[in-house]
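Report on the structure
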Amino acid sequence: MQSSIRTTINDVVSVALAQYSLLPFAPQPGKYTVLTSFALHSPHSGRTQLLSLGAGVKCLPASHLPALGDALHDSHAEVIARRGAIRWLLEEVQRDAQAPGSSAWVCAREDGLYAPRDDVQLWMYASTVPCGDASMGLLAAAQDPEVSARMDAVVRPLLQPGTPSRGRDGYARVGVLRTKPGRADAPRVLSMSCSDKIARWSVLGIQGALASLIFSPVYIHAIVLGEVDESMRTQIQADCERAFHKRLGCLEGLPQMYGVARPMVHFTDVPFKHSRSMVSATSASTSNDALCWVADSGWEVLINGQKRGVSPKHRINNKFRCGLILFCPVLYHFWMLYRPMLSKIVLFELSLYTLNILGHPMPLESVSYHKAKQAAMTYQAAKRSLFGPGAPFASWIVSGEEWESFDTHGNLEATTRLHLP
């Protein structure tokens with residue numbers, strides 16, 4: 001490996017672990033978590049800009065999804081860090097708009113969209129292999145032969161072709177979509193695995209639908225993984241390449257700006273202090289808490305997708321919240337401060353504000369989150385190439401429009417059939 005690449009790997013990992021160590025956060029005794037970061041790196045200058053950190057391993061069951069977009073569905077580290085990177089990118093555009101050309105990391109193109117500068121790469125670090133397809137080989141290698149034999153003997157219902165597997169079930173099946181892992185008796189979730197989401201980002205970019213109105217597709221250049229023994233790295237690299245892009249094949253009908261990115265996969269020996277391998281307890285379990293940190297924005301701890309420490313009275317029932325919007329906008333803004341800074345409703349408001357600063361046409365404030373995303377027509381066309389009938393991810397599970405029918409004020413469309421407190 002070239003020394004320059006090894007130096008970059010070390011820089012990406014070290015800035016993430018150093019920032020994590022500065023935060024007053026730790027899982028409960030005997031519990032572990034996963035850490036992920038996103039960073040921009042310039043090979044020309046050798047500089048690395050850490051964008052975001054995410055730590056967490058939980059997601060909400062389908063029965064607990066928030067109707068108002070005010071809690072995170074998925075609190076896995078990779079997902080939190082990606083949402084944090086989106087927030088940083090939007091705020092960097094705002095900073096650059098105040099002094100055009102001032103950003104060392106992003107710039108406006110001739111078509112009006114922003115993009116990372118030509119010499120800037122997006123790197124991702126994860127303290128362990130992402131859940132889902134990329135980790136099936138690692139999971140199989142770790143199984144005790146007797147346990148593996150018992151699992152293989154369990155008779156499970158046959159899946160229809162293309163149906164996503166649940167969690168770690170049937171780990172001998174590779175190249176397939178999977179929902180987030182969990183105990184067999186755990187409630188059903190609608191969140192796809194992190195391997196599947198990284199593959200999605202390899203086509204659509206990490207910026208998502210709303211930010212695609214501001215950014216051209218932002219692709220991951222390289223991914224650095226921890227907790228992989230030297231003897232397993234050749235296999236895990238092949239597993240990750242399959243999971244992150246090779247299983248997508250040749251996609252038809254992609255708009256001109258889009259393609260299939262092929263992020264390089266690297267490994268690090270530097271340990272993460274709160275990883276499973278570093279927890280001394282023999283009966284270590286996953287932490288319920290999650291962490292998000294965004295450069296230039298701050299940090300917060302989440303539990304069950306909500307900001308930890310926010311009492312139920314501050315989450316405010318729907319009728320009272322509507323009264324704040326009508327009669328006391330200042331208190332409504334105070335209410336918004338209790339929302340997680342990476343929740344859908346907060347990033348929705350931030351996206352519309354950024355569009356306004358740039359002078360781009362923007363939807364009315366009363367438009368729903370779902371309809372605003374549909375306005376990103378080029379992005380939606382790329383999605384159809386990935387998720388449409390006959391496409392590689394046609395069986396992707398989605399939560400649906402009913403969970404995206406809120407506007408920036410937290411109002412629901414009249415047609416939305418949801419019971420609110």
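All residue numbers refer to position in the chain's written sequence, counted from 1. Given that the model is predicted, a residue must reach a pLDDT of at least 70 before its local features are reported, and side-chain atom pairs must reach 80 or more before they are shown or counted; all residues, however, enter totals for whole chains, interfaces and linings. Water and hydrogen atoms were dropped before computing side-chain values, which therefore reflect all heavy atoms in the structure.

1. Some thoughts on the overall build of the protein
Counting from the N terminus, the helices are the DSSP runs of H or I reaching at least four residues and the strands are the DSSP runs of E reaching at least two. Counting its secondary structure elements, the protein contains 13 helices and 14 strands. Within the protein, the proportion of its 421 residues that are buried is 54%. Note on contacts: a residue pair qualifies if any of its non-hydrogen atoms lie within 4.5 Å across the two residues. The long-range fraction of contacts in the protein, counting pairs at least 24 apart against all pairs at least 6 apart in sequence, stands at 71%. For accessible areas, the Shrake-Rupley method is used with a probe of radius 1.4 Å. Any residue's cover is judged against the shown protein chains and nothing else. As displayed, the protein offers around 19,400 Å² of accessible surface, 55% of which is attributable to carbon and sulfur atoms. Exposure categories follow from relative accessible area, calculated using a 1.4 Å probe and restricted to protein chains: below 20% of the type maximum is buried, above 50% is exposed, and the middle band is partly exposed.

2. Focus on helix α2 (residues 77–98)
One fewer than the residue count of a helix, multiplied by 1.5 Å, yields its expected span. Look at α2: 32 Å from first C-alpha to last across 22 residues, which is about the 32 Å you get at 1.5 Å a residue. With respect to burial, α2 is a largely interior element, 19 of its 22 residues being buried.

3. Overview of unusual backbone geometry
Within the chain, Glu-227 stands out as a residue other than glycine whose phi angle is a positive 60 degrees. One can find Glu-227 in the loop between β9 (222–225) and α7 (233–244). For Glu-227, a relative accessible area of 33% puts it in the partly exposed group. Phi at Asp-296 is positive, roughly 70 degrees, even though this residue is not glycine. You can see Asp-296 is positioned in the loop between β12 (289–294) and β13 (298–303).

4. Describing helix α1 (residues 3–22)
Helix length check: α1 (20 residues) gives 28 Å between terminal C-alpha atoms against 28 Å at 1.5 Å per residue, within 8%. Contacts made by the buried residues of α1 are with β2 (35–41), β3 (48–55), β8 (121–126), β9, β10 (264–267) and β12.

5. Focus on the confidence of the model for the protein
The pLDDT score gives, residue by residue, the confidence of the prediction method on a 0 to 100 scale. Looking at the protein as a whole, its pLDDT mean stands at 87, while 84% of the residues score no less than 70. Low pLDDT (under 50) marks residues 152–156, which in the prediction has 2 contacts with non-local residues, meaning those over four places away or in another chain. Within the model, pLDDT remains below 50 along residues 416–421, and this stretch shows 12 contacts once partners closer than five positions in the same chain are excluded.

6. Topic: the pairing of β3
By the criterion of burial, β3 is predominantly enclosed, with 6 of the 8 residues buried. Pairing between β2 and β3: 7 bridges, direction antiparallel. The residue of β3 that forms the bridge with Leu-35 is Ala-55. The antiparallel hairpin formed by β2 and β3 contains 6 residues in its connecting segment, where Gly-46 sits at a positive phi of about 80 degrees. Here, any two strands with at least 2 DSSP bridges between them count as paired. Pairing geometry for β3 and β12, over 4 bridges, is antiparallel. Directly across from Leu-53, in β12, lies its bridge partner Trp-293.

7. Structural notes on the packing of aromatic side chains
In this scheme Phe, Tyr and Trp rings, the latter by its six-membered ring, pair at centre separations within 6.5 Å, and the angle between planes marks the pair as stacked below 30 degrees, edge-to-face above 60, and tilted otherwise. Scanning the entire structure with this criterion turns up 11 aromatic pairs. Note on Tyr-20 and Phe-25: the rings are 6.2 Å apart at their centroids and 80 degrees apart in plane angle, and the pair reads as edge-to-face.

8. Focus: the layout of surface pockets
As defined here, a cavity is a set of points on a 1 Å grid over the protein atoms alone where a 1.4 Å probe fits but cannot get out. A pocket is an open set with protein on both sides within 12 Å along at least five of seven lines, and residues line them when an atom is within 4 Å of a point. Grid points are joined across faces, edges and corners, and a volume is the space filled by probe spheres set on the points. Estimates place the volume of the second largest pocket at around 990 Å³. What lines the second largest pocket is a set of 44 residues, and nearest its centre among them are Arg-200, Lys-344, Tyr-369, Lys-373 and Glu-404. Counting residues per element, the ones that place at least two in the lining of the second largest pocket are α2, α5 (194–204), α6 (208–211), α11 (344–358), α12 (369–374) and α13 (377–387). Examining the composition of the lining of the second largest pocket, we find that 5 residues originate from one element, α2, more than from any other.

9. Re the pattern of salt bridges
Put simply, a salt bridge is a Lys or Arg side-chain nitrogen that is within 4 Å of an Asp or Glu carboxyl oxygen. The final tally for this structure, using the stated rule, is 17 salt bridges. Of the charged contacts, one joins Arg-95 and Asp-296 as a salt bridge, the two residues approaching to 3.6 Å between their closest N and O atoms. Here Arg-95 is found in helix α2, whereas its partner Asp-296 is found in the loop between β12 and β13, with 201 residues between them in sequence. Residue class for Arg-95 comes out partly exposed when judged on its relative accessible area of 32%. Here the residues in one salt-bridge network are Asp-74, Lys-180 and Lys-197, joined through shared partners.

10. Focus on the pairing of β10
As judged from the 4 bridges shared by β9 and β10, these two strands associate in the parallel manner. Its bridge partner lying in β10, Ala-222 is registered against Met-264. Looking down the strands as they point away from the viewer, one classifies a crossover as right-handed if the path from the first strand across the helix to the second runs clockwise. Traced from β9 through α7 to β10, the parallel crossover comes out right-handed.

11. Here's the deal with the sheet that holds β10
Read from one edge to the other, the open sheet built from 8 strands follows the order β10-β9-β8-β2-β3-β12-β13-β14, with strand pairing classed as mixed. Of all strands in the sheet, those with a lone pairing partner are β10 and β14 (306–307), marking the two edges. As paired elements, β2 and β8 share 6 bridges and run antiparallel to each other. Of the residues in β8, the one forming a bridge with Phe-38 is Met-124. Of the strands in this sheet, β2, β3, β8 and β12 are in contact with α2, which crosses β3 at around 135 degrees. Each axis is a line fitted through C-alpha atoms, taken for helices only over the stretch in contact, and angles between the N-to-C directions span 0 to 180 degrees. Contacting β9 and β10, α7 crosses the sheet at an angle of about 145 degrees to β10.

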